[in-house]
2 protein chains.
Amino acid sequence: MNPAAQASDQVDFIDGKTRLYGIVGDPIEQVRSPEMVTWEMRERGMNAVLVPVHVREADFEQAMASVMNIANLDGLVFTIPFKARAVALAKRLGAQASVVGAINALRRDPDGQWCGEIFDGLGCVEGLRRNGVDLNGRRVMLLGLGGAGTAIAAAIASQHPALIRLHDPDPARLARGVQIVAQLSPGTVIKQGLPRVDSIDVLINASPVGMLDDERLPMPLDQLPASLTVLDAIVKPETTPLLALAERCGCRVVRGREMMRGQIARIVDFMTGLDPNGV
Amino acid sequence: MNPAAQASDQVDFIDGKTRLYGIVGDPIEQVRSPEMVTWEMRERGMNAVLVPVHVREADFEQAMASVMNIANLDGLVFTIPFKARAVALAKRLGAQASVVGAINALRRDPDGQWCGEIFDGLGCVEGLRRNGVDLNGRRVMLLGLGGAGTAIAAAIASQHPALIRLHDPDPARLARGVQIVAQLSPGTVIKQGLPRVDSIDVLINASPVGMLDDERLPMPLDQLPASLTVLDAIVKPETTPLLALAERCGCRVVRGREMMRGQIARIVDFMTGLDPNGV
């Protein structure tokens, strides 16, 4: 950070002026935000690190009260199992968090109040945007309405597509997805029921099917229209069976890692007050 | 830390498995432990960072209760104004901390209990040792018995020198220094009164005289015996007026930064349970 930082008995990535961010979860070892968010912040010239913070479930509320009082800590990211409980920590909620009922990012605003938002879905929109895909006016098929899928439904809806087709085997999840989309984008046509890939522009898999060694496709398929954009929210493997099929069919493909990068960029925008879509 | 860590969208010095250490102070921006302790831990192959933690005075006890509950946090360093208050956080105290009544390092022992010790003086002993100076049986003159000076008196005493000559303009501080040395090393001859440099082997300045732009010497002097070792606890400037004189007179010189390096090595020994002098 300065010439003295090149001395042989000190590292150059942290000092007394470093601003702190944390990712809070239980367990914590599997998280990727420390290396990825810290990279993004450093790319932007910030003297900041995001550290893993392992808080046990029983300690959460009490621990957060003190952690949020650390004067050089400017923001927190939340992961499993805290995304819903963390809502109560925020004095203000973003548009996505308000309808989803969960946050994964919390920042200290200039007036000292804490503001929360969820970026699990906004990262998906950002990953598509970075691949030249604008969802406004398009037709989208979304598979899976768990935690990530519900946030993705909300983020897609905020782009006001022409149509959203939702699928989840759980009727309660499906009903909630329909309600969220209707609330955020009254002009969007909502369809539900069995998944299909005709008459849509963008296919998004937010189900866990295809993760790790799972060789299944998330829906019965042997062909995809080449005009389709296919995004898979799964990060491992990099190329899921669905994405492999999409590549063979000549579709535009957006990987889980691109969605994660998009999310991280949006989280850092949020943490630094650069949040064009407003909170 | 692994080949994947070379990817272009992540840093290689922190991840979900990184163990946390913190330095707690108010203010915090001036501290050097983040870059120096983190460097030392990485040199030893640890996946760990020490981050600055700015806790306001009024929040200290409550904040510490929660911070010490973070499951991947293994140790804390304390600086101004918390060294004395932090004693109450430790279930066990090291030999130095017990007599000095302050700690600057706290670690979580394998049984979950927290153990504290003060290294302000042990760093001085380590800096001398690294320069080939063993205090056992030697004659030492110590100038200044503030917080650092008192810790240095205790650390010197633990090496059982033949004689310690103490000087401080404050009679209460001087009396406490005498009492600490007598307690830790009953066989050491203790002298007090005006500073002198004849009949001693090692001169240690722990007074603030000579810091930054202060061009004074900590005692009236125009010559030093070449046989003397001179240590100045001041870090800035690197060469204080006293050390400049000592160099001109052909003395062995030990700088504040060497003492700081020695302290950091001892703190990391302590944090990792490698503490040969026992706690």
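Not measured: the values here are computed from a predicted model. (Residues numbered from 1 in each chain as written. Chains lettered and ligands numbered in written order. Predicted model: local features only at pLDDT ≥ 70, side-chain atom pairs only at ≥ 80, totals over all residues.)

Q: How do you make sense of the interface of chain A and chain B when you look at a structure like this?
A: It is common to report an interface's size as the accessible area lost on association of the parts. With 39 residues of chain A in contact, the opposing surface of chain B contributes 39 residues. Those elements that place two or more of their residues in the side of chain A that touches chain B are α1 (33–43), β2 (48–54) and α2 (60–67) of chain A. Looking at the side of chain A that touches chain B, the element that brings in the most residues is α1 of chain A, giving 6 residues. (Contact = placed C-beta atoms within 7 Å. Helix = DSSP H or I, 4+ residues; strand = E, 2+ residues; numbered from the N terminus.)

Q: Would you take a moment to explain the environment of M271 of chain B for this structure?
A: All names here are of chain B. One can find M271 in helix α8 (residues 256–271). Residue classification places M271 among the buried residues on the basis of 25 C-beta atoms within 10 Å. Sequence separation of M271 and A95 is 176 residues, and the distance between their C-alpha atoms is 16 Å. (Buried ≥ 20, exposed ≤ 12 C-beta atoms within 10 Å, placed from the backbone.)

Q: Help me understand unusual backbone geometry in this model?
A: The phi angle of most residues is negative, glycine excepted, and most peptide bonds adopt the trans form. Cis geometry is found at the peptide bond from I80 of chain A to P81 of chain A, where omega equals 5 degrees. The residue P81 of chain A is located in the loop between β3 (73–78) and β4 (92–93) in this model. Cis geometry marks the peptide bond from K236 of chain B to P237 of chain B, where omega comes out at 0 degrees. One non-glycine residue with positive phi stands out, namely H160 of chain B, at about 55 degrees. Inspection of the secondary structure puts H160 of chain B in the loop between α5 (147–157) and β8 (163–167). For H160 of chain B, a count of 15 C-beta atoms within 10 Å translates into the label partly exposed.

Q: Whenever I open this one, the domain arrangement of chain A confuses me. Can you help?
A: Residues and elements named next belong to chain A. Domain annotation of chain A identifies domain 1 (3–119 + 260–271) and domain 2 (122–256). Its C-alpha centre places domain 1 at a distance of 28 Å from the equivalent point of domain 2. With 14 residues of domain 1 in contact, the opposing surface of domain 2 contributes 16 residues. Among the elements of the structure, α3 (95–100) and α8 (256–271) are those that each provide at least two residues to the side of domain 1 that touches domain 2. Broken down by element, the residue count for the side of domain 1 that touches domain 2 peaks at 6 residues, all from α8. (Domains from an automatic or database assignment.)

Q: How should I be thinking about the relation of the copies chain A and chain B in this particular structure?
A: Superposition of the two copies of the chain requires a rotation about an axis and a shift along the axis. Each copy superposes on the other: chain A lies on chain B with an RMSD of 0.1 Å after a rotation of 179 degrees and an axial shift of 0.0 Å. Read as a symmetry element, the transformation amounts to a two-fold axis. For chain A, the smallest separation between a C-alpha atom and the rotation axis is recorded for S66 of chain A, amounting to 3.1 Å. (Least-squares fit on C-alpha atoms with pLDDT ≥ 70 in both.)

Q: Quick question: what am I supposed to make of the sheet that holds strand β4 (residues 92–93) of chain B here?
A: Sheets are built from strands that pair by backbone hydrogen bonding, the pairs being arranged parallel or antiparallel. All names here are of chain B. Strand order in the open sheet formed by 6 strands is β2-β1-β3-β5-β6-β4, with mixed pairing between adjacent strands. If you trace the sheet from one side to the other, it starts and ends with β2 (48–54) and β4, each paired once. Pairing geometry for strand β5 (residues 105–108) and strand β6 (residues 114–117), over 4 bridges, is antiparallel. Within the sheet, the bridge partner assigned to R108 lies in β6 and is W114. Set on the sheet, helix α1 (residues 33–43) makes contact with β1 (19–25), β2 and β3 (73–78); between it and β2 the angle comes to about 165 degrees. Its contacts with the sheet place α8 against β1, β3, β5 and β6, and it is angled at close to 25 degrees to β5. (Pairing = 2+ DSSP bridges. Axes fitted to C-alpha atoms, helices over the stretch in contact; angles between N-to-C directions.)

Q: Help me understand the nonpolar core in this model?
A: The nonpolar side chains of a soluble globular protein tend to be buried, and buried together. Within the largest apolar cluster, 170 residues are counted, with the highest numbers of intra-cluster contacts made by L142, I152 and I204 of chain A together with L142, I152 and I204 of chain B. Leave out the neighbours within four places in its chain, and I204 of chain B touches C124, V140, M141, L142, L143, I152 and L231 of chain B. (Core = buried A, V, L, I, M, F, W, Y, C linked by C-beta atoms within 7 Å.)

Q: I'm lost on the packing of helix α4 (residues 122–130) of chain B against α5 of chain B in this one. Help?
A: Axes are the key here: two packed helices are described by the angle between their axes and the distance separating the axes. Residue and element names in this part refer to chain B. Between α4 and α5, the least distance of the axes is 7 Å, while the angle of their chain directions is 55 degrees. In terms of axis orientation, α4 runs oblique to α5. Judged by residue contacts, L122, C124 and V125 of α4 engage I152, A155 and I156 from α5. Of the residues assigned to the contact of α4 with α5, the class counts are 6 nonpolar, no polar and no charged. (Parallel < 35°, antiparallel > 145°, perpendicular 65-115°, else oblique. Nonpolar A, V, L, I, M, F, W, Y, C, P; charged D, E, K, R; others polar.)

Q: Any chance you could explain the sheet that holds strand β12 (residues 252–254) of chain A here in plain terms?
A: All names here are of chain A. Here 6 strands make up an open sheet; going across it, the order is β9-β8-β7-β10-β11-β12 and the pairing parallel. Each end of this open sheet is capped by a strand with a single partner; those strands are β9 (189–192) and β12. Each neighbouring strand pair of the sheet contributes to a mean axis angle of 15 degrees, computed without reference to strand direction. By the bridge criterion, 5 bridges tie strand β7 (residues 139–143) to strand β8 (residues 163–167) in an arrangement that is parallel. When the sheet's bridge partners are listed, M141 is paired in β8 with R165. Relative to the sheet, helix α5 (residues 147–157) contacts β7, β8 and β10 (202–205), its axis offset from that of β7 by approximately 170 degrees.

Q: Whenever I open this one, helix α7 (residues 241–248) of chain A confuses me. Can you help?
A: Because each turn of an α-helix spans 3.6 residues, side chains separated by three or four positions end up pointing in the same direction. Residues and elements named next belong to chain A. Listing the buried residues of α7 in full gives L242, L243 and A246. Looking straight down α7, one finds that the buried residues subtend no more than 95 degrees of arc, so they occupy a single side. Along its buried surface, α7 packs onto β10, β11 (229–232) and β12. Downstream of α7 by a residue or two, G250 has a phi angle that is positive, lying close to 80 degrees. (Arc of directions from axis to C-beta.)

Q: I keep staring at α5 of chain B and nothing clicks. Help me out?
A: Residues and elements named next belong to chain B. Within α5, 10 of the 11 residues are buried, leaving the element largely enclosed by the surrounding structure. Here α5 has its buried residues at A148, G149, T150, A151, I152, A153, A154, A155, I156 and A157. Structurally, α5 contributes buried residues whose contacts are with α3 (95–100), α4, β7 (139–143), β8, α6 (171–184) and β10 (202–205).

Q: Whenever I open this one, the pairing of β5 of chain B confuses me. Can you help?
A: Strand residues, when the strand is regular, have side chains that alternate between the two faces of the sheet. Residues and elements named next belong to chain B. When β3 meets β5, the two strands line up antiparallel, connected through 3 bridges. Note that in β5 the partner of V77 across the bridge is A105. Between β5 and β6, which pair antiparallel and follow one another directly, the connecting turn spans 5 residues, one of which, G112, has a positive phi of 90 degrees.

Q: Help me out: how do you make sense of the confidence of the model for chain A in this one?
A: All names here are of chain A. The pLDDT averaged across chain A works out to 94; a share of 96% of its residues lies at or above 70. The low-confidence segment residues 1–6 (pLDDT under 50) makes 7 contacts with residues lying over four places distant or belonging to another chain. Per the prediction output, this complex has pTM 0.89; the corresponding ipTM is 0.87. (pLDDT = per-residue confidence, 0-100.)

Q: Help me out: how do you make sense of the pairing of β2 of chain B in this one?
A: Residues and elements named next belong to chain B. Among the 7 residues of β2, 7 are classified as buried, and the element is accordingly described as predominantly covered. Covered by surrounding structure in β2 are A48, L50, P52 and H54 together with V49, V51 and V53, the residues of both alternating faces. Of the strand pairs in this sheet, β1 and β2 are connected by 7 bridges, and their pairing is parallel. Bridge assignment links R19 to a residue of β2, and that residue is A48. In the classification by handedness, the crossover that spans β1, the intervening α1 and the parallel β2 is right-handed. (Right-handed = clockwise from strand over helix to strand, strands pointing away.)

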